[in-house]
Amino acid sequence: MTETPAFYDDLAGCLAEAWRRLEEGAAHQSGFHTPALATIGRDGAPRLRTVVLRGIDRAARLLRVHCDARSAKAAEIAADPRVSLHAYDPKAKIQVRIEGTARLHGEDGIARAAWAASRPMSRIGYATAPGPGTPLAEGGATAPPQDDDGVEAGFPEFRVIVLTAARLEFLYLARQGHRRALFSWDGKEPAATWLAP
Ligand SMILES: Cc1cc2nc3c(=O)[nH]c(=O)nc-3n(C[C@H](O)[C@H](O)[C@H](O)COP(=O)(O)O)c2cc1C
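The shown structure was predicted, so the numbers you read here are calculated from the model rather than taken from an experiment.

## Some details on the pattern of salt bridges
(1) Moving on: Tallied over the entire structure, the rule returns 16 salt bridges.
(2) Moving on: Two residues, Arg 123 and Glu 152, come together in a salt bridge whose shortest N-O distance is 2.8 Å. Taken together, the residues Arg 123 in helix 4 (residues 120-123) and Glu 152 in helix 5 (residues 148-152) connect sequence positions 29 residues apart.
(3) Moving on: With its nearest N and O atoms 2.0 Å apart, the salt bridge here joins Asp 186 to Arg 167. Taken together, the residues span a long stretch of sequence, with Asp 186 in the loop between strand 8 (179-184) and strand 9 (191-195) and Arg 167 in strand 7 (residues 158-172) at a distance of 19 residues.
(4) Moving on: By relative accessible area, which is 46% here, Asp 186 ends up partly exposed.
(5) Moving on: The exposure class assigned to Arg 167 is partly exposed, which follows from its relative accessible area of 28%.
(6) Moving on: One network of salt bridges, with partners in common, ties together Glu 17, Arg 20, Arg 21, Glu 24 and Asp 89.

## A word on the site of the ligand
(1) Moving on: For the ligand, the full set of nearby residues is Thr 34, Arg 49, Thr 50, Val 51, Val 52, His 66, Cys 67, Ser 71, Ala 72 and Lys 73.
(2) Moving on: Backbone polar atom of Thr 50 to an oxygen atom of the ligand: 2.7 Å apart, as the coordinates give it.
(3) Moving on: Within the backbone of Val 52, a nitrogen or oxygen atom sits 2.9 Å from an oxygen atom of the ligand.
(4) Moving on: Surface burial for the ligand is 56%, taken as the share of its 620 Å² of free accessible area covered by protein chains.
(5) Moving on: The set of elements that each furnish at least two residues to the shell around the ligand consists of strand 2 (46-50), strand 4 (62-68) and helix 2 (72-79).
(6) Moving on: In the shell around the ligand, the residues fall into 4 nonpolar, 4 polar and 2 charged.

## So, the packing of aromatic side chains
(1) Moving on: In this structure the tally under the stated criterion is 8 aromatic pairs.
(2) Moving on: Measuring from ring centre to ring centre gives 5.1 Å for Tyr 126 and Phe 158, while their planes differ by 90°; the resulting arrangement is edge-to-face. Here Tyr 126 is found in the loop between helix 4 and helix 5, whereas its partner Phe 158 is found in strand 7, with 32 residues between them in sequence. Accessibility classification places Tyr 126 together with Phe 158 in one group, the buried group.

About the cut-offs
- Residues numbered from 1 in each chain as written.
- Predicted model: local features only at pLDDT ≥ 70, side-chain atom pairs only at ≥ 80, totals over all residues.
- Heavy atoms only, no water.
- Salt bridge = Lys/Arg side-chain N within 4 Å of Asp/Glu carboxyl O.
- Helix = DSSP H or I, 4+ residues; strand = E, 2+ residues; numbered from the N terminus.
- Buried < 20%, exposed > 50% of the residue type's maximum accessible area, 1.4 Å probe, protein only.
- Near = heavy atom within 4 Å.
- Polar contact = N/O pair within 3.5 Å; in protein donor to acceptor, adjacent residues only side chain to side chain.
- Areas by Shrake-Rupley, 256 points an atom, 1.4 Å probe, with all protein chains shown as cover.
- Nonpolar A, V, L, I, M, F, W, Y, C, P; charged D, E, K, R; others polar.
- Phe/Tyr/Trp six-rings, centres within 6.5 Å; stacked < 30°, edge-to-face > 60°.

It is worth stressing that arrangement in space is one thing and function is another; only the former is reported here.
Here it is, written out as structure tokens:
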């Protein structure tokens, strides 16, 4: 039987474990490095895609993801900021689901700092034409930038999505009994409760 982790019967410990895993995901290629981000489509239907978790601010309950201003997700967030994020680490057997609101940052201090910290390889996509989601006659019919100046020219299309968590749900799968907990910050006071798994 797997050893019972310290957070097992500790609500605050479950929340700390969730943030620790998210921080680890933003820093390394761990199970939480590439969560799924859900937005509300312009037609009201859910839209889901894999993203890279770039940064976490546990105290402010912020999660940072990068995207292209020309992408569907950017338009969807601009029209309706309600988003949801899902991560599962099969090794840890922990799932985290976050609901909250997202803000898009472009050509401001937050975007500049994130751009400066990005690797050139990550910057190339923002300078590629046509923009993401454009139908192509052939699979390779896009024009990436030819030199460093061309790569830097992508900055106006670069967006930082900053998600503020309003609710976080933690699920730990264990043979000795699963543990599920809900944390919320959208009421008058922060709230925490166990849920039946
Ligand atoms: C491992 C992985 C990581 C990805 N990371 C990002 C990301 O950080 N930002 C992003 O905009 N798209 C990322 N994508 C691509 C998206 O999943 C999606 O295909 C693309 O952004 C178009 O989404 P949209 O049309 O809903 O905007 C990633 C895809 C994979 C497979």
